[in-house]
Protein chains: 2
Amino acid sequence: MNSVEISGLIPKLGLVVVGIVLVECTRQGLNYLQRKNSKPVIRQVIFFPDKQIACKDFFDSVEGCSRIRCDFSHTTTGFRQLLSHIKSARKSIDIAVYCISCFEIADVVLQRHKVGVRVRVITDQSMEIAFGSQNHRFMKDGIRVHTNKPPFLMHHKFFIIDDELLCSGSFNWTSQAVTGNNESVIITNDPWTVEPFCAEFKKLWQETKPGN
Amino acid sequence: MNSVEISGLIPKLGLVVVGIVLVECTRQGLNYLQRKNSKPVIRQVIFFPDKQIACKDFFDSVEGCSRIRCDFSHTTTGFRQLLSHIKSARKSIDIAVYCISCFEIADVVLQRHKVGVRVRVITDQSMEIAFGSQNHRFMKDGIRVHTNKPPFLMHHKFFIIDDELLCSGSFNWTSQAVTGNNESVIITNDPWTVEPFCAEFKKLWQETKPGN
């Protein structure tokens, strides 16, 4: 190949490079727009027990914590993270949890119900008479609560926020599960995981009956 | 632009197209190689109760099911799927499950142990004396079993296959959980989810003690 042929090749190669740059820029631009318009992916795992109890004043009151020496945690705990997911509900909270006796979680659910979030609760039938059960508090405030038919257990421990965020694991809504037991919860908005749970809740809601 | 200029543009545009085709082919080729070398992504959800009990002969024996009319299921069930994950273990099975009384699951774990798979089991301390508990069968065959310290519960319900596949949910290893209760299990090899559970198992194994 002589120098004339080589010099003729250079602009042609330049055009190939322009083509490559063009397609890459277009691809990156489209990816950016896709990322910008899609919600962030959530994949979180929470393990219990929490080492400390979170300071309610520090996290929930406008004034914050006024104690000179506070024994509670001012950094977030697993429990606070779980509460924040429930607080994030804008449209709906679908709860299928075997045992609900933790009044702090129930408080947050009731708050969301009061501002118009649709709340549906399914618990095991034993929660109709269990000590500390929050079922009657829910029902008193107009939240629909369903229970299953014995002898088998409604043993699920999952809830779904706004049909798009799933929290599921070994964790019942009890105080002992927060600070005592070894427990785990997977939290995700991956539709591949969330959608089967939405369908399961829908099915279970039809199969169960309003509690007493 | 006259016809001479236009005819001069055509080969240049052709080169840009060649550039685009080249980069796209390279990208697809690299993607193909990446997919070929990486393990398939597993994201599965199993719900219980199973509607039917799977036919053991049909699935496990070489001869298959010889009954003229078999009352058991010849299509896969949630329970069979769960067993197949345990059977797939080549290196290790790490089990942190509150209650283990289902002998069919224990059988499969013992089979894997016998062919050299490293099995470690953590259950709640109550499983040392619980009716139907499989802890003593495990220990008799040389599987290491740890239990926690009361009064709190080792309430986890997860197991990890070969440090890369996690099964986690509300499901204890009991027969009632298979055919009676409403239960759910998430199965995934997503490292983002699996790795925290591997770390949790390692921590818990150090914190717990060999059972009696």
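Residues numbered from 1 in each chain as written. Chains lettered and ligands numbered in written order. Predicted model: local features only at pLDDT ≥ 70, side-chain atom pairs only at ≥ 80, totals over all residues. Heavy atoms only, no water.

(A) Summary view of the overall build of chain A. Scanning chain A from terminus to terminus reveals seven helices and eight strands. Radius of gyration (C-alpha) of chain A: 26 Å, far over the 17 Å computed for a compact globule of 212 residues. Projected onto its principal axes, the C-alpha coordinates of chain A cover approximately 95 × 55 × 35 Å. Split by element, the accessible area of chain A, about 11,600 Å² in all, is 58% carbon and sulfur. Within chain A, one finds 26 positive and 21 negative side-chain charges whose respective centroids are separated by 3 Å. (Helix = DSSP H or I, 4+ residues; strand = E, 2+ residues; numbered from the N terminus. Rg over C-alpha atoms; globule rule 2.2 N^0.38 Å. Areas by Shrake-Rupley, 256 points an atom, 1.4 Å probe, with all protein chains shown as cover. Lys, Arg positive; Asp, Glu negative; His and termini not counted. Charge placed at Lys NZ, Arg CZ, Asp CG, Glu CD.)

(B) Expanded view of the relation of the copies chain A and chain B. Under the fitted operation, chain A is carried onto chain B by 0.0 Å of movement along the axis and a turn of 180°, and the coordinates agree to an RMSD of 0.4 Å. Viewed as a symmetry operation, the transformation between the two copies matches a two-fold axis. Comparing interface residues between copies, 100% of those in chain A also lie at the interface in chain B; the contact surface is shared. (Least-squares fit on C-alpha atoms with pLDDT ≥ 70 in both. Contact = heavy atoms within 4.5 Å.)

(C) Spotlight on the environment of Ala89 of chain B. Structurally, Ala89 of chain B is set in the loop between α3 (78-87) and β2 (92-97). For the pair Ala89 of chain B and Ile161 of chain B, spaced 72 residues apart in the sequence, the C-alpha separation amounts to 5.6 Å.

(D) Representation of the sheet that holds strand β3 (residues 118-123) of chain B in the model. A sheet is described by the order of its strands in space; here eight strands give the open sequence β1-β7-β6-β5-β2-β3-β4-β8 (chain B), paired in mixed fashion. In this open sheet, the two strands that pair with only one neighbour each are β1 (43-48) and β8 (209-210) of chain B. Its contacts with the sheet put helix α7 (residues 191-207) of chain A on β1 and β7 (183-188) of chain B, and the angle it makes with β1 of chain B is roughly 15°. (Pairing = 2+ DSSP bridges. Axes fitted to C-alpha atoms, helices over the stretch in contact; angles between N-to-C directions.)

(E) Spatial organisation of the sheet that holds strand β4 (residues 144-147) of chain A. Residues and elements named next belong to chain A. The strand order across the open sheet built from eight strands is β1-β7-β6-β5-β2-β3-β4-β8, with neighbouring strands paired in mixed fashion. Of all strands in the sheet, those with a lone pairing partner are β1 (43-48) and β8 (209-210), marking the two edges. As paired strands, strand β2 (residues 92-97) and strand β3 (residues 118-123) are joined by five bridges and run parallel to one another. When the bridges of β3 are listed, Ile93 appears paired with Val119. Those strands touched by helix α3 (residues 78-87) are β1, β2, β5 (157-161), β6 (165-169) and β7 (183-188), and its axis lies near 135° from that of β1.

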